[in-house]
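Listed below are the residues making up each chain.
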Amino acid sequence: MIVKMNKITLLGMDYQREALTKTLMELGAVEISEVIADDYSELVENPKVQEELSRIETELAEVDSSLSCLKKYSPVKKQLFKNRRDVTVSEFNKVIKNIGRVRDMVNEILQKEEHLVSLRSEENRLNNLYISLLPWKELNAPLEYSGTKKTVFQYGTIPSINDWELIQSEVSEKFPDAYIERINNDKDQHYLFFIVHKESEQEFLSYLQSKGYNRVTFSNLTGTVAYNMDRISMRIEEISAEREKTIDNIKDIGKDRKDLEILYDWLLMEKGRLEATERIIKTKKVFLITGWVPERYAMEVKKIIESKYIVSVEIEEPADDEEFPVLLENRGIAEAGEPVMQMYSLPNSREIDPNTVMAPFFIILFGIMFSDGGYGLILALLSGIILWRFELEDSMRKFMKLMFFCGLSTMFWGLMFGGWFGISSLVQYAVWFDMVSEPERMLSWSLLFGIIHIYAGFALKAANLIREKKYLDALFDVGFVYVFYTGAVLCLLPYIPAINAGKAAPLVNTGKYMLVIGGVLLILTQGRSKKNIFSKLAGGLFSLYDVVGFLSDVLSYSRLLALGLATSIIASIINEISFMFDFPIVLKIILAAAILLVGHTVNFGINALGAYVHSCRLQYLEFFGKFFTGGGQAFSPLKINTKYTKLKSDAEQEIMPVHTA
């Protein structure tokens, strides 16, 4: 159900504003709304927190970077399904009291990471330089040597497409005062050096350039290539040792990782408090806070606030047409359906929470599509063990609860259809029938399930209209639609697979009357919002076309048959393949076990995902489309939001006073 909300207004002294917002955060029950004060904009203002908020966000980013660095170089194993660790308030406050030390740790980690980045950059540069020197390792001349007073010395490359022997012969013939030698070559280049008299330099260079000559220089390098390559190798080894030492230092700091996580969560809390403070208005002396609080906590919050501060607290119910934040509170199966609905949208604050109706349908449809009782047993056991053995976050707990119920549903339908790990000999014990051998019968039931599901959606639409005291709208838009659609379904009975046309004849005749009566009623009522009689009749006539969409929606439920068959048939095929090889008995057992394990695991995963996705689709399109308004804004109280820690009150404390800035 949707929790009832009360509006809360607090008017107090500005010097107590910061302390009061901290108390509201500790209570975690009040959502602070933005106050619109256009008429008093010259008298009031929002607290100026942007500068402090920017500082907090910057520091948050730095702490997050330091934790990412620790995760990279000093990873730790976390508990399965548990993202946050328990920390008492006293432990939390102890770290915050020594916040300077923790901030120094952050700066040290960031400096060391920056040093690692510079080492990596230098190492990459040296590796690239080493690779570029490699073809020249046979060059004995110093790299800084460029010739004598009368000669020019250069080294460079010529594309290997040129014939080297031809180049040598042409140089000997045309430039007797020049010497050229190839040092190395590969598939792309000839690596060479030459010495030429300065008087012939330009002419000689023009000749080489006609061959694609490219001069190579190694600026800032002195000595031979071999000497420089040795120096580079030594420096790379030094960098490697320095990197290992720096990483070891980071790992040493990582022993205090928990303190960094507490600092991050403290900053996250401060950010939330400052963002909420921005929505407050104040004058020089007083402040005003408006917001929302769950009805059952309203008077308790009022009592606590008024006992600690000089403040006026007013509690009132929302106006009839006023939207309020949505907080869902369900139990059992309805609670398990919340993750499915929230992926789509929260309900509007003024409509009925559909989880009580939607969740059972989701679970039933999932079970029909997954269909194998053995797979359902595994799903129920896995999710049940996880619920029992692990402390889960709220969203994960609800999802695992949903999977547990889906597993039970799958076991039930496996019993009904005789599906247990695709074992064909067990099908004869089906309580109802075998869908694989009677697919037409299963198709008929799938369509019936679809009609029931869609009609439930229309029923919720009627319930919402009745809740708004629109009794005639409920009759016209749901009651008459039931009559018309039911008539259409009964008229189509002879065309449904596995339906006995003779026995269905009386129902078909009844359906014809319902179809006509329902059609007339819709024509007379569905255009009632139009202004003139012709528009009203036209609107009514157009509404009859909606039956096409209804029948299309019903056909969508044929996926119950399709996915149910896929699970059963693939499972049986896996069983057949596993025992079809004519090998010695030991090898045959090993091979069969491997095929069964891998095959059923893949089949389980694919079809469980398919059942989940298609069950969601049937809720979102065929079910929600009939009544759901949605668009509700989640209730977001000012509270202690953390990423790494879960605060636990000390045994002697009732309220959790957390140190804030």
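Residues numbered from 1 in each chain as written. Predicted model: local features only at pLDDT ≥ 70, side-chain atom pairs only at ≥ 80, totals over all residues. Heavy atoms only, no water.

Any details on the side chain of Glu 170? Residues and values, ideally.
Along the chain, Glu 170 falls in helix α5 (residues 164-174). In contact with Glu 170, not counting residues within four places along its chain, are Phe 175, Tyr 207 and Lys 211. (Helix = DSSP H or I, 4+ residues; strand = E, 2+ residues; numbered from the N terminus. Contact = heavy atoms within 4.5 Å.)

Give me the lowdown on the confidence of the model for the chain, citing residues and values where you can.
A low pLDDT means the predicted coordinates there should not be read in detail. Per-residue confidence for the chain gives a mean pLDDT of 89, with 97% of residues at or over 70. Averaged pLDDT values over the elements of the chain bottom out at 80 in helix α18 (residues 533-543) and peak at 95 in helix α12 (residues 355-370). The low-confidence segment residues 652-661, where pLDDT is below 50, has 30 contacts with residues more than four positions distant or belonging to other chains. (pLDDT = per-residue confidence, 0-100.)

Go over the packing of aromatic side chains with me, naming the residues and quoting the values.
Inspection of every chain in the model, using the stated rule, returns 48 aromatic pairs. Arranged with centres 4.3 Å apart and planes meeting at 15 degrees, the rings of Tyr 485 and Phe 550 form a pair that is stacked. With Tyr 485 in helix α16 (residues 471-491) and Phe 550 in helix α19 (residues 546-555), this residue pair connects regions lying 65 residues apart in the sequence. Comparing Tyr 485 with Phe 550 shows no difference in burial state: the two are buried. Site record: aromatic cluster; members linked through ring pairs are Trp 136, Tyr 145, Phe 153, Tyr 155, Tyr 179, Tyr 191, Phe 193 and Phe 218. Lying across the ring of Trp 388, Arg 389 places its NZ or CZ 5.4 Å from the centre. (Phe/Tyr/Trp six-rings, centres within 6.5 Å; stacked < 30°, edge-to-face > 60°. Buried < 20%, exposed > 50% of the residue type's maximum accessible area, 1.4 Å probe, protein only. Lys NZ or Arg CZ within 6 Å of the ring centre and 35° of its normal.)

Any details on the pairing of strand β9 (residues 286-294)? Residues and values, ideally.
For strand β1 (residues 5-13) and β9, the ladder comprises nine bridges, and the chain directions are antiparallel. Among the inter-strand pairings, Leu 11 is bridged to a residue of β9, identified as Leu 288. Across three bridges, strand β2 (residues 31-33) lies against β9 in antiparallel orientation. Of the residues in β9, the one forming a bridge with Ile 32 is Gly 291. One ladder, built from two bridges, connects strand β8 (residues 281-282) with β9; its direction is antiparallel. Residue pairing across strands places Ile 281 opposite Leu 288, the latter belonging to β9. (Pairing = 2+ DSSP bridges.)

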